[in-house]
Amino acid sequence: CCAAYYPEVEKALALEQQSQHEAALAAMKELTKKHADKPAVWGYYAQFLYNSGQAEQAEEAVSEALKLNPNFGMAHFLRAQFR
């Protein structure tokens, strides 16, 4: 399911680990533009935002995932984890 975009997720996470937060954030935002119809992309973005201390934006990303798929398990898990 994630093969088309997961390498881009890994790249963004690697940038974050290298303390290149702005580049990682830009990569994640670009991912949500290129694959806006994929709930998992919004889930990865939400997790990234939450880990960066941006809880409100993370909740918004989870909401986007749930708009695309109300039964998306990752989004429900993340929402519970955030709260």
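Source: prediction; values computed, not measured.

Chemist: Please clarify how the nonpolar core should be interpreted in this entry.
Modeler: General note: in soluble globular proteins, nonpolar side chains tend to be found buried as a group. Grouped together as the largest cluster of nonpolar side chains are 25 residues, with contacts concentrated most on Tyr 5, Met 28, Tyr 45, Leu 49 and Val 62. Among the secondary structure elements, those contributing two or more residues to this core are helix H1 (6-17), helix H2 (21-34), helix H3 (39-51), helix H4 (55-68) and helix H5 (73-82). If one sorts the elements of this core by residue count, H3 sits on top with 8 residues. Excluding residues within four positions of it along the chain, Met 28 makes contact with Ala 12, Tyr 44, Tyr 45 and Phe 48.

Chemist: Hey, could you run me through the packing of H3 against H5 in this one?
Modeler: To describe two helices that pack against each other, one gives the angle between their axes and the distance between the axes. H5 packs onto H3 with a crossing angle of 15 degrees between their chain directions and a minimal axis gap of 9 Å. By the angle between their directions, the pair H3 and H5 is classed as roughly parallel. For the pair H3 and H5, the crossing hand works out as left-handed. Contact residues: Ala 40, Gly 43, Tyr 44, Ala 46, Gln 47 and Tyr 50 in H3; Met 74, Leu 78, Gln 81 and Phe 82 in H5. Among the residues making up the contact of H3 with H5, the classes are represented as 7 nonpolar, 3 polar and no charged.

Chemist: Which parts of the structure should I look at to understand H5?
Modeler: Given 3.6 residues per helical turn, the α-helix brings residues three or four places apart onto the same face. Looking at H5, one finds that the buried residues are Ala 75, Leu 78 and Phe 82. Down the axis of H5, the buried side of the element spans an arc of 65 degrees, and every buried residue falls inside it. In H5, the exposed positions angled more than 90 degrees off the buried face are occupied by Phe 77 and Ala 80. Those residues of H5 that are buried are in contact with H3 and H4.

Chemist: Would you mind showing me how to read unusual backbone geometry here?
Modeler: Among all residues save glycine, negative phi is the norm, and among peptide bonds the norm is trans. At Ser 19, a residue that is not glycine, the phi angle is positive and equals roughly 60 degrees. Mapped onto the elements, Ser 19 comes out in the loop between H1 and H2.

Chemist: For this particular structure, what's the right way to read the confidence of the model for the chain?
Modeler: Low-pLDDT stretches of the model should not have their predicted coordinates read in fine detail. Chain-level statistics for the chain give a pLDDT mean of 92 and a share of 98% at 70 or above. Element-level mean pLDDT values for the chain span from 90 in H1 up to 96 in H4.

Chemist: When you look at the environment of Phe 77 in this model, what are you seeing that I'm missing?
Modeler: Position of Phe 77 among the secondary structure elements: in helix H5. The exposed category is assigned to Phe 77, whose relative accessible area is 53%.

What counts and what doesn't
- Residues numbered from 1 in each chain as written.
- Predicted model: local features only at pLDDT ≥ 70, side-chain atom pairs only at ≥ 80, totals over all residues.
- Heavy atoms only, no water.
- Core = buried A, V, L, I, M, F, W, Y, C linked by side-chain atoms within 4.5 Å.
- Buried < 20%, exposed > 50% of the residue type's maximum accessible area, 1.4 Å probe, protein only.
- Helix = DSSP H or I, 4+ residues; strand = E, 2+ residues; numbered from the N terminus.
- Contact = heavy atoms within 4.5 Å.
- Axes fitted to C-alpha atoms, helices over the stretch in contact; angles between N-to-C directions.
- Parallel < 35°, antiparallel > 145°, perpendicular 65-115°, else oblique.
- Left-handed = near helix turned anticlockwise from the far one by under 90°.
- Nonpolar A, V, L, I, M, F, W, Y, C, P; charged D, E, K, R; others polar.
- Arc of directions from axis to C-beta.
- pLDDT = per-residue confidence, 0-100.

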